[in-house]
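What follows is the residue order along each chain.
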Amino acid sequence: MTGPRVDLDSEQMGRDLVALVLTVVELLRQLMERQAIRRVEQGDLSDEQVEEIGTTLMLLDQRMKELCEQHGVRPEDLNLDLGPLGTLLPRD
């Protein structure tokens, strides 16, 4: 005896997986950005380090936008609703 059959749309599953991976990457990018801002505000970085961090964060942001566009994912799709906890990513 077999259970009820579940129809899976492999294309939709692929898009959902891409969106999930991009969500995790965006969360990590935002955490890194906040940590970098804290370090800059503490004043324990050289001007060169501050410049390098700024450039790296801008490139990461640009690459995330490119990846979202490439995979047809809107940036707002990356912000998961966690119910009573709010959203995963802070709203800018």
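Residues numbered from 1 in each chain as written. Predicted model: local features only at pLDDT ≥ 70, side-chain atom pairs only at ≥ 80, totals over all residues. Heavy atoms only, no water.

Taking an unreviewed UniProt entry as the reference, the chain is identified by name as Gas vesicle protein belonging to Streptomyces badius. Its UniProt record, at the heading Sequence similarities (unreviewed entry), says of the chain: "Belongs to the gas vesicle GvpK family." Reading the Subcellular location (unreviewed entry) entry of the UniProt record for the chain gives the comment "Gas vesicle". (UniProt positions renumbered as here; feature names shortened; annotations may be inferred.)

Q: Account for the pattern of salt bridges, naming residues and giving values.
A: Inspection of every chain in the model, using the stated rule, returns 8 salt bridges. Residue Glu11 pairs with Arg15 through a salt bridge whose shortest N-O separation is 2.9 Å. Residue Glu11 and its partner Arg15 are located together in helix α1 (residues 10–42), separated by 4 residues, close to a single helical turn. The closest approach of N and O atoms between Asp61 and Lys65, which form a salt bridge, is 3.2 Å. Remark: Lys65 and Asp61 occur in helix α2 (residues 47–70); sequence separation between them is 4 residues, near one turn of the helix. Take Lys65: its relative accessible area is 52%, and that puts it in the exposed class. Overlapping salt bridges, with partners in common, bring together Glu26, Arg29, Glu33, Asp61 and Lys65 in one network. (Salt bridge = Lys/Arg side-chain N within 4 Å of Asp/Glu carboxyl O. Helix = DSSP H or I, 4+ residues; strand = E, 2+ residues; numbered from the N terminus. Buried < 20%, exposed > 50% of the residue type's maximum accessible area, 1.4 Å probe, protein only.)

Q: Quick one: what's the story with a nonpolar patch on the surface, residue by residue and with numbers?
A: On the surface, Leu17, Leu20, Val21, Val24, Val25, Leu28, Leu31, Leu80, Leu82 and Leu85 cluster together into a nonpolar patch covering about 890 Å² of accessible area. Mapped onto the elements of the fold, Leu85 is located in the segment after α2. (Patch = residues over 30% accessible without salt bridge, like charges linked within 9 Å, V, L, I, M, F, W, Y side chains within 5 Å. Areas by Shrake-Rupley, 256 points an atom, 1.4 Å probe, with all protein chains shown as cover.)

Q: How would you summarise the environment of Asp77 if you had to cite specific residues and measurements?
A: Within the secondary structure, Asp77 is located in the segment after α2. With relative accessibility at 32%, the residue Asp77 sits in the partly exposed group. Taking the C-alpha atoms as reference, Asp77 lies 9.4 Å from Leu20; in sequence the two are 57 residues apart. A polar contact is formed between the side chain of Asp77 and the side chain of Arg74, at a distance of 2.7 Å. (Polar contact = N/O pair within 3.5 Å; in protein donor to acceptor, adjacent residues only side chain to side chain.)

Q: Let's hear about the packing of α1 against α2: which residues, and what values?
A: Taken N-terminus to C-terminus, the directions of α1 and α2 make an angle of 160°; their axes are 11 Å apart at the nearest point. It follows that α1 is roughly antiparallel to α2 by the angle criterion. Once α1 is placed against α2, the crossing between them reads as left-handed. Where α1 abuts α2, its residues Leu22, Val25, Glu26, Arg29, Met32, Glu33, Ala36 and Val40 lie against Val50, Ile53, Leu57, Leu60, Asp61, Met64, Leu67 and Cys68. Grouping the amino acids of the contact of α1 with α2 by side-chain chemistry returns 12 nonpolar, no polar and 4 charged. (Axes fitted to C-alpha atoms, helices over the stretch in contact; angles between N-to-C directions. Parallel < 35°, antiparallel > 145°, perpendicular 65-115°, else oblique. Left-handed = near helix turned anticlockwise from the far one by under 90°. Contact = heavy atoms within 4.5 Å. Nonpolar A, V, L, I, M, F, W, Y, C, P; charged D, E, K, R; others polar.)

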